[in-house]
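Spelled out from the first residue to the last, the chains are:
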Number of protein chains: 2
Amino acid sequence: MKRVTIKDIAKLANVSRGTVDRVINNRGKVSKDVEKRILQIAKDLNYKKNILASRLASTKTHRIVIVCPDESSDIFWELPKKGMDKAIDSIKDYGIIFDSWKFNLFDKEEFKTQFKKAIDSLPDIIILAPLFWKESLKLLEYAKKKQVPIITFNSEVEHDSILSYIGQNSYKSGYLVGKLINMGLNHRDEIVMLNLAHKATNAPHYSGKYYGLIDYFKDNALDEKRIHLYDVKNFRNEFKLKLFYQNLKKKHPYLKVLFFTNSRAYKLLNLLDEDEINKYIIIGFDTIEPNVKLLKENKIDFLINQNPIQQGFKSVILGIDYIIHKKSTQSKQYLPLDIVVKENVEFYIDETIL
Amino acid sequence: MKRVTIKDIAKLANVSRGTVDRVINNRGKVSKDVEKRILQIAKDLNYKKNILASRLASTKTHRIVIVCPDESSDIFWELPKKGMDKAIDSIKDYGIIFDSWKFNLFDKEEFKTQFKKAIDSLPDIIILAPLFWKESLKLLEYAKKKQVPIITFNSEVEHDSILSYIGQNSYKSGYLVGKLINMGLNHRDEIVMLNLAHKATNAPHYSGKYYGLIDYFKDNALDEKRIHLYDVKNFRNEFKLKLFYQNLKKKHPYLKVLFFTNSRAYKLLNLLDEDEINKYIIIGFDTIEPNVKLLKENKIDFLINQNPIQQGFKSVILGIDYIIHKKSTQSKQYLPLDIVVKENVEFYIDETIL
DNA sequence: AAAAAAAATTTGCACGTGCACAATTATTTT
DNA sequence: AAAATAATTGTGCACGTGCAAATTTTTTTT
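1. Let's talk about the relation of the copies chain A and chain B
What relates the two chain copies is a rotation about an axis together with a slide along it. Of the transformation superimposing chain A on chain B, the axial component is 0.1 Å and the angular component is 179°, with the fit at an RMSD of 0.2 Å. On this basis, the relationship between the two copies can be described by a two-fold rotation axis. Across chain A, the smallest distance between a C-alpha and the rotation axis is recorded for L52 of chain A, namely 2.5 Å. In this assembly the copies share their binding face: 100% of the residues contributing to the interface of chain A also contribute to that of chain B.

2. A few points about unusual backbone geometry
Residue and element names in this part refer to chain B. The phi dihedral of N26 is positive, around 50°, even though this residue is not glycine. Phi angles above zero are rare outside glycine, and D286 is one such case at about 75°. Note that D286 resides in the loop between β9 (281-285) and α13 (289-296).

3. Thoughts on the sheet that holds strand β7 (residues 227-232) of chain A
Residue and element names in this part refer to chain A. What the 6 strands build is an open sheet, ordered β7-β6-β8-β9-β10-β12; its pairing is mixed. Strands with a single pairing partner mark the edges of an open sheet, and in this sheet they are β7 and β12 (338-340). Taking the axes of each pair of neighbouring strands and ignoring which way they run, one obtains an average angle of 20° across the sheet. Bridge analysis of strand β9 (residues 281-285) against strand β10 (residues 302-305) gives 3 bridges, and the strand direction is parallel. Its bridge partner lying in β10, F285 is registered against I304. Where helix α8 (residues 170-182) meets the sheet, its contacts fall on β6 (190-196), β8 (255-260), β9, β10 and β12, and the angle it forms with β9 comes to roughly 160°.

4. What about the protein's contact with DNA strand D?
Around DNA strand D, a shell composed of 27 residues is seen, among which I6, Y47 and A57 of chain A together with S16 and R22 of chain B lie nearest. The sugar-phosphate backbone supplies 67% of the atoms of DNA strand D found within 4 Å of the protein. One of the backbone nitrogen or oxygen atoms of A57 of chain B is found 3.3 Å away from a base oxygen of DNA strand D. For the surface near DNA strand D, the per-class residue count stands at 9 nonpolar, 10 polar and 8 charged.

5. Regarding the side chain of N262 of chain A
Residues and elements named next belong to chain A. On the secondary structure map, N262 appears in the loop between β8 and α11 (265-269). Looking at N262, the relative accessible area reads 14%, which means it is buried. Engagement of the side chain of N262 in a polar contact is seen with the backbone oxygen of L196, the distance being 3.0 Å. A polar contact of 2.9 Å, which involves the side chain of N262, links it to the backbone nitrogen of R264.

6. Here we look at the domain arrangement of chain A
Per the domain assignment, the segments of chain A are domain 1 (6-49), domain 2 (60-168 + 308-335) and domain 3 (170-305). Inter-centroid distance (C-alpha atoms) of domain 1 of chain A to domain 2 of chain A is 35 Å.

7. Points about the protein's contact with DNA strand C
Contacts to DNA strand C come from 26 residues, most closely from S16 and R22 of chain A together with R27, Y47 and A57 of chain B. Counting only the atoms of DNA strand C that lie within 4 Å of the protein, the sugar and phosphate share comes to 66%. In the model, a phosphate oxygen of DNA strand C is placed 2.9 Å from a nitrogen or oxygen of the T19 of chain A side chain. Among the secondary structure elements, those contributing two or more residues to the surface near DNA strand C are α2 (17-24) and α4 (51-57) of chain A together with α2 (17-24) and α4 (51-57) of chain B.

8. Details of the sheet that holds strand β5 (residues 162-167) of chain A
Residues and elements named next belong to chain A. As summarised here, the arrangement of the 6 strands in space is β2-β1-β3-β4-β5-β11, forming an open sheet in which the pairing is parallel. The open sheet has two edge strands with one neighbour each: β2 (96-103) and β11 (331-334). Averaged over all adjacent pairs, the angle separating strand axes in this sheet is 15°, with direction ignored. Both strand β3 (residues 125-128) and strand β4 (residues 150-153) contribute to a ladder of 3 bridges, which runs parallel. Within β4, the position partnered with I126 by the bridge is I150.

Definitions and limits used
Residues numbered from 1 in each chain as written. Chains lettered and ligands numbered in written order. Predicted model: local features only at pLDDT ≥ 70, side-chain atom pairs only at ≥ 80, totals over all residues. Heavy atoms only, no water. Least-squares fit on C-alpha atoms with pLDDT ≥ 70 in both. Contact = heavy atoms within 4.5 Å. Helix = DSSP H or I, 4+ residues; strand = E, 2+ residues; numbered from the N terminus. Pairing = 2+ DSSP bridges. Axes fitted to C-alpha atoms, helices over the stretch in contact; angles between N-to-C directions. Near = heavy atom within 4 Å. Polar contact = N/O pair within 3.5 Å; in protein donor to acceptor, adjacent residues only side chain to side chain. Nonpolar A, V, L, I, M, F, W, Y, C, P; charged D, E, K, R; others polar. Buried < 20%, exposed > 50% of the residue type's maximum accessible area, 1.4 Å probe, protein only. Domains from an automatic or database assignment.

See below:
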């Protein structure tokens, strides 16, 4: 069962390889009837381009630009980076160049600068973590004008220059947290949802979580008035963070659940005593090292894993797919929301992908 | 930054491409000093073979044989199949031939026949689901004699002709189940562990689960005497299965947890009434369709996902890796044990891998 | 209807490696 | 030391596609 090649098609169509090539790759300059004939034959023979030969012969060098936070500005971002590096490594023969425009997670201006630079360099595609919502939308419009397609990951933004989104579904993660909370809740207990983040960053990102949680309570006839949402902007100042917690305790005598909306649970928890922590059901996100440590010490009860490594990996693979196959289906891919407990955490730490 | 090619090395070493080729691929017939020189230069330049060109030029056709149960004999086996098909599809240009020797899950003799046939066909590698323990060991010895390397998945067997194992860790899954059970258990409740399987199949497979569960109880100062293990060999006979359950109920007045050791929870559950089921905490394995249905109906509380799709996918990828790169590190890769509940099941059903 | 222009098609080299056979050099045998 | 043999090294074609220059065919213009 020999593979069907361009040559086979050419012979059957009574034309040369070059003509078939032009049809297959839409290079034009082919008469209508010949084109039709060739396409029919290609279809009949179920011709599939040999990607090895294609990439080997191609002189074009494609370029993918990655725009995401510097992993030194926040520990979480080491994870997508791992996945991306893995993917990049796996296709080193395909002649695709990767550039990285990093920005400090807390620096809105730098985000704008870097994203703009990325667009202006006119790459074949940009892989973007659109952390700042408003600014992203503006620049996405700019990208559209410049005809640079974009794959987003981690944060969900809607825009028609976005080819695909890879990441978690915030709403559903909130809903899932509802379930986890409910497994150990009494009727009076209060739930506090802590958003340790700058106001600047992606708003829908965590509000989705909030509404998911609320809806779980509604769907299960629980009183959602017991849920309290707090934005904690000064989380990087330990003193203020601790002060915030002292006030929180006073305000909520029946406080039972601490739900951290992102990977920064450890920032507060590491400031508290053991018996203080043990009173609560504590839920956070992402299996970064300080969180895992707390999980193993029974200080965190659940971590939701949003598969950041896979997010990075798949974003890059998708970018490659787009370039190689010119696949351009607008799509969303929500990665699993894994429930991580002490007893299965080992499987979610040093994922060896592929 | 142009890629380093064989030609570059040849020029620097003052030899021809052919000589470099012979060194790189250990084809012999090269004088010692030239070989040394070339290897040094290759190392200095950090030469990496271009896999595209290599595979394109290669005339060799490699063959991978898959030996696993026919998916029609048990619904579970559709899942690894999906993963395998995906992996096979992704490398269709690499000129690797796949053969499949299926066997009926319940037929020990057929397993032996097919596995033996696979070995005798002398493929480059066999990907095997070693469901029958004793028979596998015997034939693995035979494979060793015939020098056929083997990758196993799904069931863990120890043998030195096995290159890698991809699958779950039974002990740890039992341990994890302990945790899940414990979240909703009272001190008197009885746990019943049901092994719906022929005696013939892989013994350590489920006994690992048993010991894991026991150990969780011990580690957490729970009374492991409340755990009762039953082998249910006649599970395919609905009448006998129901009878078994009736007896079970009589025997265990404080029965609270039904823990199914494999994917066959639905076989019993579909015979029982809704209010019967609601009394229990029910835990099973694998997100096959009938189980998912029960999970969505709140009839199953937890499913442990052993990532069968990924198991299939990774087994094949590993086989390809072995053939292409001659990587031959003996290794085990335990895939995550995902906790699946109604609220996150959607992410574990129709996994779109890569 | 010949010349010019445009459109369609063919041809040949390139990509980097595998592999078989030819050519050269080194070693052994006569 | 020439001849025979062995060991080593070089050369050319192949894999299937991309691409552009060269050629042929068709259409338009004079």
